[in-house]
Each structure stands twice: as C-alpha cells, then as structure tokens.
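The chain contents come next:
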Amino acid sequence: MGFYGFAKAIVTSVFRLLYRIRVEGAQHVPRTGGVIVCANHTKAIDPIFLGIACPRPVQFMAKQEIFQVPVLGWLVRQLNAFPVDRAGNDRGALKRSLTVLESGGCFGIFPEGTRVKSGELGEFHGGTAYLALKAGAQVVPVGITPGYKLFETVVVRFGAPVDLDEFRAGKVNGAVRDAASQRISEAVAAQVQG
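For the structure given in this document, a descriptive report is provided here. (Residues numbered from 1 in each chain as written. Predicted model: local features only at pLDDT ≥ 70, side-chain atom pairs only at ≥ 80, totals over all residues. Heavy atoms only, no water.)

### Thoughts on the sheet that holds strand E2 (residues 35–39)
Reasoning step 1: As summarised here, the arrangement of the seven strands in space is E1-E7-E6-E2-E5-E3-E4, forming an open sheet in which the pairing is mixed. The sheet is open, and its two borders are formed by strand E1 (20–24) and strand E4 (82–84), each paired with just one other strand. For this sheet, the mean inter-axis angle between neighbouring strands, taken without regard to orientation, is 25°.
Reasoning step 2: In the sheet, E2 pairs with strand E6 (residues 138–144) via five bridges, with the strands oriented parallel. In the strand pairing of E6, Ala39 is matched with Val142.
Reasoning step 3: Helix H2 (residues 46–53) contacts E1, E2, strand E3 (59–63), strand E5 (106–109), E6 and strand E7 (153–158) of the sheet and is inclined by roughly 60° relative to E7.
Reasoning step 4: Where helix H6 (residues 174–193) meets the sheet, its contacts fall on E2, E6 and E7, and the angle it forms with E6 comes to roughly 35°. (Pairing = 2+ DSSP bridges. Helix = DSSP H or I, 4+ residues; strand = E, 2+ residues; numbered from the N terminus. Axes fitted to C-alpha atoms, helices over the stretch in contact; angles between N-to-C directions. Contact = heavy atoms within 4.5 Å.)

As structure tokens, this is what we get:
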C-alpha cells in the first residue's frame, strides 16, 4: 500500500466523519498515462478532497512555506507534494510537473492559482494548458462543491477528459495556450454547475 495509500485511508476515514463526501464520474480518470486533474478552488482543504476522490495517487505543487513547517513539511513530502515559489516564475516546479506527467503520473492542479471564496470560477492561469500540451497529457475537469461547511455534502465531480487535440498540432504559443485554457475553464465550470 505504501505511505500514500495508508495516509489516504486514514484521512478519508476522518473526513467522512466530518463531511458527506460524494464522488461522481471517477471512471473518467484514465487509469494509466500522464493526466492532470484540474479543479476549482474555494477552500484550503480542496486538495484533500481531490486526493480522496481521485482513483489514482495525485501529486500536487504546494506553496514552499508549508515545507518549512517541521512536521507538516515532512508529511506533505510523503504525500507526493513538492514546493513551488508562487512569488516568481518557478522553473524547477514547472520541470518537476512535466516530469510527473511525462513519466505517466497524475498531477493535481487548481488553475485559478489561489482560492476564490465567492464560489465563482476565477480566471485560469495558462499553466495547466501549457503542461497538458507540452507533456501530451490528458486533462480531467473536476468540480468541487464551493463553500462547503462541516457535516454538509461535498460533491467531487469528474468530467470526461477535455478534447485538446486541435491545440496539439503546432507550436504552443500564447494564443494556443489561452484558447486551450479557455476550453479547460469551461469544462471545469460545467462540473461545478453539475
């Protein structure tokens, strides 16, 4: 099972005491190959819900400050997270993300870049589209119930992979990345709305 599987089982048990978790569409996550699970972001614990719901182990970027907290830093590393400097253009984190995808891993991302507490979908940064096109990875859109509270139902809904084929033929320039990002954003919005 490994540490990830063990930790996921424990966290899932605890969270099911605190929330009614409903997972829909998990069959849309390809069982093999590089895949990005791409979700909306309203609360700090959204990555936990995404990790619980996803049928594959998920690797995340996490802000580097978390890794400086003694016990928490060790724990998030064990759960396959790696640091990103959100203040600048962190090429190391970008390379690590590409490596995860090119080696057939599952990468979790919140393309709004920060929590949008209103529940409205914020503007997507182009990084998700760039990674998907550069690594040839599939993108699975995910909607997580916005604004959930303790003991309420939290729905994690996976949609079918986003069709990005028309953007894969040529060079990944700004216009292509933006158009692909818009399509991903629309797919995530559809899952949030149910």
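### Here we look at the pairing of E7
Reasoning step 1: Of all six residues in E7, five are buried; the element is thus mostly enclosed.
Reasoning step 2: Across five bridges, the pairing between E1 and E7 is parallel. Residue pairing across strands places Val23 opposite Val156, the latter belonging to E7.
Reasoning step 3: Where E6 lies against E7, three bridges are found, and the strand directions are antiparallel. Across the sheet, residue Val142 finds its bridge partner in E7, namely Phe158. (Buried < 20%, exposed > 50% of the residue type's maximum accessible area, 1.4 Å probe, protein only.)

### Examining the pairing of E3
Reasoning step 1: The side-chain alternation of E3 yields one buried face, formed by Phe60 and Ala62, and one unburied face, formed by Gln59, Met61 and Lys63.
Reasoning step 2: In the sheet, E3 pairs with E5 via two bridges, with the strands oriented parallel. Bridging across to E5, Gln59 finds its partner in Phe107.
Reasoning step 3: Pairing of E3 with E4 involves three bridges; the strand directions are parallel. Along E4, the bridge assignment pairs Ala62 with Pro83.
Reasoning step 4: One crossover worth recording links E3 to the parallel E4 by way of helix H3 (residues 70–78), and it is right-handed. (Right-handed = clockwise from strand over helix to strand, strands pointing away.)

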